Structure formats: structure tokens, C-alpha cells
Amino acid sequence: MPSKKMPMIAKRLEFFNSVTDNQATMYLYGTIGTGWYADINSEAVRSQLEQITADTIHVHIHSGGGDVFESIAIQNLFKAHPAKIMMHVDGLAGSGASVIAMAGDEIHMPSNTMMMIHKAATFLYGNAEKLRKQATVLDKIDQSVTASYMGRFVGAANELDILLCNEEWLTAEDCQALGFCDVIGAAIDMTESEPEEKPVMEEETVASIVGKYSANQRNKPPSTPQATLSKTTKQNTILNIIGRFNQ
């Protein structure tokens, strides 16, 4: 059978003013950039923001990201606006879209949404000198990307660097623990039936591992033998970072 393609995020870049409660709503859905492929760009966002005089702007994000400089520019446009910026992750705030989300005075994520953060990446063809030069440029871009997150990240710079290097996918709970989310909302349930009780799983899951090292579990002795804990892997390090700030 032919494989199914993952559906693209439908483009949506628009805003609405509400006269009654002095609030505005913006939707940033799609790819960030300035090329033919892009749905969201800083010029369009700037144009919309100039028309908004509301005291509060609700910005809804659903994007896998795109151009890093356009993302940083959009983030700074929101930061410079006098209104209170309420960011809402409707599905995914990935890559550059997560950078934009950091501009929120408040960041809201339903429990079934995610963020993805990573270091800058590019496509390049060339000789060794050109590749070395581009690596230096990427290091400098990473400094800008890191600065975009550090205003909210509750941990140390080296811990953020580990998460970025791993191209980490973060749940709403992870984001709240790390400072990238303020409010977790419930996922919409279209049924009226009572939620089924989840069966107890004997084998460890990602959630149980993160919880084991969370702040409220820090004083409890680990259930894993010391011999096993001594075999620290890169993934365990990442989970420990998330768990340290998980309340």
C-alpha cells in the first residue's frame, strides 16, 4: 500500500478585533519565512500589529517553524507591542514557532499540545573551508536562539544547550516545568462518558522516569538499583533536566 503523506498545516495569518472587551485575536498557522513556501512572515505580522489598539492580544500558534531570523523578528515585534500578549499553542509550536511563543506575557498550552526546540540547521554544498565557515555562522545563530529561550528557561545555560542539541520534543507538562508554559489547559473531550481509569503499567515509561526525578520526588529513594543508575545515558540526562523543574 502506498504510504500516506502527513497533512500540511493549513495557512492562516489573520487577526480579529473585539470592540466589546478591548481584545484582539491573531492566528499564526503555517510555515515561517519569506520564500514561496512561507505562510507567515514578519512584515505581515508587523502590518497586523500596527492595526491593533487592544489592550490584550491572544495569539494562536500552530506551526512547525521555519526561517530563524523571521521567527526572531516576529518575537521581537510582539515584545515591543504595548498590549499584553497571550500566546496559545493550538497544536504545535515547533522550531521557530517556539521562539515566537517565548514573546508571550503568558503562554497557554492545552495538555495535548507540544513544543519542539533545537539548534539552528541548514543545507549546504561546498568545500571544507565553506563548511567550516558555515559551522561558525550556525554557532552564532545558536547564541541568538538560546537568548530567545533564556528569558523564560528556569535552568542553567548548559542544560538548555543539552535540550537544544537533542532536538527535544516537549509536552505541555515539560514546558511548564522548564518555564516555557504558564498555564496547561485540558484537551477538548467531545464525549460525555466518564474517563476510563488507566491500568497500572509495571514497566517504566517516559512519564514515570521524568516523575521519578521531579522536584516533589527528589527526597524519595530511587527504585532503580544503584548499579543501573550509574549507567547514565544522554537520554537520561535530558529527562533529569526536565524532571528537576517538574513541579
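A quick note: this is a predicted structure, and the numbers were derived from the prediction, not measured.

**Things to note about the overall build of the protein chain**
Here comes step 1: When you go through the protein chain residue by residue, the secondary structure sums to nine helices and eight strands.
Here comes step 2: Classification of the 247 residues of the protein chain by burial places 38% in the buried group.
Here comes step 3: Pairs at least 24 residues apart make up 68% of the contacts formed inside the protein chain by residues separated by at least 6 positions.
Here comes step 4: Approximately 15,100 Å² of the protein chain is accessible, and the part contributed by carbon and sulfur atoms is 55%.

**So, the packing of aromatic side chains**
Here comes step 1: Applying the stated rule across the entire model yields three aromatic pairs.
Here comes step 2: With 5.9 Å between their ring centres and 85 degrees between their planes, Tyr27 and Tyr29 make a pair best called edge-to-face. Assigned by exposure class, Tyr27 and Tyr29 land together as buried.
Here comes step 3: Each residue in the set Tyr149, Phe153 and Phe180 is aromatic and connected to the rest through ring pairs, giving one cluster.

**Concerning the nonpolar core**
Here comes step 1: Ile57, Phe78, Met87, Met115, Tyr149, Leu178 and Phe180 are the most contacted members of the largest nonpolar core, which has 47 residues in total.
Here comes step 2: The residues contacting Phe180, other than those within four sequence positions of it, are Met102, Ile107, Met115, Ile117, Tyr149, Arg152, Phe153, Leu160, Leu170 and Cys175.

**Observations concerning the confidence of the model for the protein chain**
Here comes step 1: For the protein chain, the mean per-residue pLDDT works out to 77, and 66% of the residues sit at or above 70.
Here comes step 2: Here helix H8 (residues 226–229) stands out as the element of the protein chain with the lowest mean pLDDT, 40, in contrast to strand S5 (residues 106–110), whose mean of 97 is the highest.
Here comes step 3: Here residues 220–231 is a poorly scored stretch, pLDDT under 50, and it has eight contacts once near neighbours within four places are set aside; other chains count.

**Focus: the pattern of salt bridges**
Here comes step 1: Tallied over the full model, the rule gives four salt bridges.
Here comes step 2: The closest approach of N and O atoms between Lys84 and Glu106, which form a salt bridge, is 3.3 Å. Note that Lys84 is positioned in strand S4 (residues 84–94) and Glu106 in strand S5, a separation of 22 residues in sequence.
Here comes step 3: Assessed through its relative accessible area of 23%, Glu106 is described here as partly exposed.
Here comes step 4: For Arg152, the salt bridge identified is with Asp182, shortest N-O distance 2.7 Å. Highlighted residues: Arg152 in the loop between helix H4 (128–150) and helix H5 (157–165) and Asp182 in the loop between helix H6 (172–178) and strand S8 (183–185), separated in sequence by 30 residues.
Here comes step 5: Given the relative accessible area of 17%, Arg152 is considered buried.
Here comes step 6: By relative accessible area, which is 35% here, Asp182 ends up partly exposed.

**Some details on the side chain of His88**
Here comes step 1: Along the chain, His88 falls in strand S4.
Here comes step 2: Within the structure, His88 has its side chain in polar contact with the side chain of His58 (distance 2.9 Å).
Here comes step 3: Not counting residues up to four positions away in its chain, the partners in contact with His88 are His58, Val59, His60, Ile61 and His108.

**Some details on the environment of His60**
Here comes step 1: Examined against the element boundaries, His60 turns out to sit in strand S3 (residues 56–66).
Here comes step 2: Separated by 31 residues in the primary sequence, His60 and Gly91 have C-alpha atoms spaced 9.3 Å apart.
Here comes step 3: At a separation of 3.1 Å, a polar atom in the side chain of His60 contacts the side chain of Asp90.

Rules used throughout
- Residues numbered from 1 in each chain as written.
- Predicted model: local features only at pLDDT ≥ 70, side-chain atom pairs only at ≥ 80, totals over all residues.
- Heavy atoms only, no water.
- Helix = DSSP H or I, 4+ residues; strand = E, 2+ residues; numbered from the N terminus.
- Buried < 20%, exposed > 50% of the residue type's maximum accessible area, 1.4 Å probe, protein only.
- Contact = heavy atoms within 4.5 Å.
- Areas by Shrake-Rupley, 256 points an atom, 1.4 Å probe, with all protein chains shown as cover.
- Phe/Tyr/Trp six-rings, centres within 6.5 Å; stacked < 30°, edge-to-face > 60°.
- Core = buried A, V, L, I, M, F, W, Y, C linked by side-chain atoms within 4.5 Å.
- pLDDT = per-residue confidence, 0-100.
- Salt bridge = Lys/Arg side-chain N within 4 Å of Asp/Glu carboxyl O.
- Polar contact = N/O pair within 3.5 Å; in protein donor to acceptor, adjacent residues only side chain to side chain.

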